[in-house]
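# Descriptive analysis of the structure
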There are 2 protein chains.
Amino acid sequence: MSEFDLIKRHFTRASPGAVLGVGDDCALLQVREGHVLAVSSDMLVSGTHFFPDADPYQLGHKTLAVNLSDLAAMGATPRWATLALSLSDADEDWLERFSAGFFALAQQHGVDLVGGDTTRGPLNLCVTIMGEVPVAQALRREGAQVGDDVWVSGKLGDAALALAHMQGKLVLSEQDYAACAPALHSPQPRVALGLALRGIAHSAIDVSDGLVADLGHILERSAVRAELSLAGLPVSGVLRGHTAQLVSCALAGGDDYELCFTAAIRQRVSIADIATRLALPLTRIGRIVAGSGCVVHDADGQPIQLQNGGYEHF
Amino acid sequence: MSEFDLIKRHFTRASPGAVLGVGDDCALLQVREGHVLAVSSDMLVSGTHFFPDADPYQLGHKTLAVNLSDLAAMGATPRWATLALSLSDADEDWLERFSAGFFALAQQHGVDLVGGDTTRGPLNLCVTIMGEVPVAQALRREGAQVGDDVWVSGKLGDAALALAHMQGKLVLSEQDYAACAPALHSPQPRVALGLALRGIAHSAIDVSDGLVADLGHILERSAVRAELSLAGLPVSGVLRGHTAQLVSCALAGGDDYELCFTAAIRQRVSIADIATRLALPLTRIGRIVAGSGCVVHDADGQPIQLQNGGYEHF
């Protein structure tokens, strides 16, 4: 069996949700009536997005998770994905564990891997994720309205704190690292939340490059301003204890994969109900006002100066 | 303007064929009623698929062309694409020429770039192409029938001959190289042919890894055998003159991006009409018989031994 066949073996599974899956020039997919296709592509590069010795199971999970997060932010139901990967060699153990992590998450979200490409080269993973949403219910960035609450799911900044530890920029205790590491290595895409927010949120985005940078995209597209309170941000006890990192990790850390969204005040009860139903904290972190830009107030009501709006991939 | 913005600027164009294009978490696309979505992803890696100093305009063209070729082989109408790319740096001139080559071909085929990703890393280009086809008219690999003719479009092997020259494996005259080089650097995806073959071809594939290897996929999926004649293969005068390379380039060369398809004998007139209408040579190169595998007969009727069935990307 050639290396090529080995790789194909690891990435060929049944695709019951496709008209035609892996094995032809294209996959054929039937989008359900009344729905549009939601599509996003993300590329993960060794040394840029993950350490070359990253655990392959976690890497397989995360490769799909960051893409599912984009569907979640659109309020779309996940359906299909393609995976193109370049590898320097075909390490059987690595492939087995990577694909196990990828498919475990795919199965959890009903995603069929319907195509892709395998080639030789520096380690690079490119997923195109596809889902469905009724067009009028899609959660766009441009819908934020003056008077909206600004919300965020889960907790912010733990992934950035864990990354800082791995990069040697600070030292976490073993216990603290263990508490933060899952946010970095095994982010849980907020797909169920995105679906629950259909018809409730006015706008949404996933927080992958830092809260202020990503919320900034909503603000720019919606031509509005946000006022946030640092004290109101949902952060873990571990991050709260690292005062020097609190602002940079919570506001400008990358890799959170939480949803930031805006909704009218009248939706507060519905949103609290969603939080309960999904067992996922949803925190009101500020409000949308007229104007442009984003201001974050500290405990004294003073605006915080942000050195760096967010993580840039380039 | 940051490097990130520079890149975005080069790859953000209007996308009139999308409900929502670049600039949100996902693109939103409406597949026309009566059609299924045809999807394929290809990854091109510097040093594996192209030389690091490849002309960026041609590379932009080819990056999209190899993907369009997959849609062509399915008989699908091109509609949308995403492009994820990693770059070691943001060379403005390179980006401008690469995107010019990409968009020139995209415009020619009515393809909107609706999303993607830009990141830092070794040069890698990943396109996901999307098109539409009525499901019953899709040209699958599995439909070849005993008694079918085997056809191929254009000419085979010029790209492989040009590549051998570039790799120093042989020396072509300047004139000969000039004649072969466009096949390698600027392949023309056979989209119009794929559309014309709806309802006519029983099976189709694009020849990207060598005729015998790619036809082999049709044979395997259709559980049939092919008998070809070397003398009947459409090759250029240049390749015909390089007898030592003729077999390897025409039968097992990569990068042809022609369509190989099978059709009933009664379709010969229709296919000749298509060739005339598209001004594209369509050559009958053999027939489908019962059995398995592929045999190519030389001028004496003897089967040719193939050392290497095709180009493997790994």
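Keep in mind that this is a model prediction, so the values were computed, not measured. (Residues numbered from 1 in each chain as written. Chains lettered and ligands numbered in written order. Predicted model: local features only at pLDDT ≥ 70, side-chain atom pairs only at ≥ 80, totals over all residues. Heavy atoms only, no water.)

Attention now moves to the relation of the copies chain A and chain B. Expressed as a screw operation, the relation of chain A to chain B combines 0.0 Å of axial shift with a rotation of 180 degrees, fitting to an RMSD of 0.0 Å. This pairing of chains is accounted for by a two-fold axis. Residue by residue, 98% of the interface of chain A is reproduced at the interface of chain B, so both copies engage with the same surface. (Least-squares fit on C-alpha atoms with pLDDT ≥ 70 in both. Contact = heavy atoms within 4.5 Å.)

This paragraph deals with the nonpolar core. Formed by 58 residues in total, the largest nonpolar core has its most connected members in A:Phe11, A:Leu64, A:Leu197, A:Phe261 and A:Leu282. Grouped together as the second largest cluster of nonpolar side chains are 57 residues, A:Leu28, B:Phe98, B:Leu125 and B:Ile200 included. (Core = buried A, V, L, I, M, F, W, Y, C linked by side-chain atoms within 4.5 Å. Buried < 20%, exposed > 50% of the residue type's maximum accessible area, 1.4 Å probe, protein only.)

For any two helices packed against each other, the geometry comes down to the angle between their axes and how far apart the axes lie. Residue and element names in this part refer to chain B. Packing of helix α4 (residues 158-166) against helix α5 (residues 174-185) brings their axes to within 7 Å, and their N-to-C directions diverge by 110 degrees. Taken together, α4 and α5 sit at an angle that is classed as roughly perpendicular. Of the residues in α5, those in contact with Asp158, Ala159, Leu161, Ala162, Leu163, His165 and Met166 of α4 are Tyr177, Ala179, Cys180, Ala181, Ala183, Leu184 and His185. Residue composition of the contact of α4 with α5, grouped by class: eleven nonpolar, two polar and one charged. (Axes fitted to C-alpha atoms, helices over the stretch in contact; angles between N-to-C directions. Helix = DSSP H or I, 4+ residues; strand = E, 2+ residues; numbered from the N terminus. Parallel < 35°, antiparallel > 145°, perpendicular 65-115°, else oblique. Nonpolar A, V, L, I, M, F, W, Y, C, P; charged D, E, K, R; others polar.)

Right, let's get into the domain arrangement of chain A. Residue and element names in this part refer to chain A. According to the domain assignment, chain A consists of domain 1 (3-134) and domain 2 (141-297). The gap between the C-alpha centroids of domain 1 and domain 2 is 26 Å. Counting residues at the interface gives 21 residues for domain 1, matched by 20 residues for domain 2. Roughly 1600 Å² of surface becomes buried between domain 1 and domain 2 when both sides are summed, with 60% attributable to carbon and sulfur atoms. Counting across the domain 1 and domain 2 interface gives one salt bridge. Broken down by secondary-structure element, the contributors of at least two residues to the side of domain 1 that touches domain 2 are α2 (56-74), β3 (77-87), α3 (92-108) and β5 (124-133). Among the elements that make up the side of domain 1 that touches domain 2, the one with the highest residue count is α2 (ten residues). Partitioning the side of domain 1 that touches domain 2 into residue classes produces eleven nonpolar, seven polar and three charged. (Domains from an automatic or database assignment. Buried area = accessible area lost by both parts, 1.4 Å probe. Salt bridge = Lys/Arg side-chain N within 4 Å of Asp/Glu carboxyl O.)

The next subject is helix α4 (residues 158-166) of chain A. Residues and elements named next belong to chain A. Here α4 has its buried residues at Asp158, Ala159, Ala160, Leu161, Ala162 and Ala164. Buried residues in α4 make contact with α5 (174-185), α8 (237-241) and α9 (243-252). Looking one or two residues past α4, Gly168 carries a phi angle of roughly 75 degrees, positive in sign.

The next subject is the sheet that holds strand β8 (residues 225-229) of chain A. Residue and element names in this part refer to chain A. The strand order across the open sheet formed by six strands is β7-β9-β6-β10-β8-β11, and the pairing between neighbours is mixed. With partners counted over all chains shown, the strands left at the sheet margins are β7 (201-207) and β11 (293-297), one partner each. The sheet shows a mean angle of 25 degrees between the axes of neighbouring strands, direction not considered. Bridging between strand β6 (residues 149-153) and strand β9 (residues 258-263) involves four bridges; their strand directions are antiparallel. (Pairing = 2+ DSSP bridges.)

Moving on to the pairing of strand β10 (residues 282-289) of chain B. All names here are of chain B. Note: strand β6 (residues 149-153) against β10, five bridges, orientation antiparallel. Bridging across to β10, Ser153 finds its partner in Leu282. Of the pairings in the sheet, the one linking strand β8 (residues 225-229) to β10 comprises four bridges and is antiparallel in character. Within the sheet, the bridge partner assigned to Ala226 lies in β10 and is Ile288.

Listed per partner, the contact involves 64 residues of chain A and 63 residues of chain B. Each partner contributes to the roughly 5100 Å² buried at the junction of chain A and chain B, and carbon and sulfur atoms together form 60% of this total. Of the charged contacts in the structure, one is a salt bridge between A:Arg141 and B:Asp25, with a shortest N-O distance of 3.1 Å. When residues in the side of chain A that touches chain B are grouped by element, the largest group, nine residues, is from strand β2 (residues 36-45) of chain A. When its residues are assigned to classes, the side of chain A that touches chain B shows 33 nonpolar, 18 polar and 13 charged. As paired strands, β2(A) and strand β1 (residues 27-29) of chain B are joined by three bridges and run antiparallel to one another. Across the sheet, A:Leu37 pairs through a bridge with B:Leu29, a residue of β1(B).

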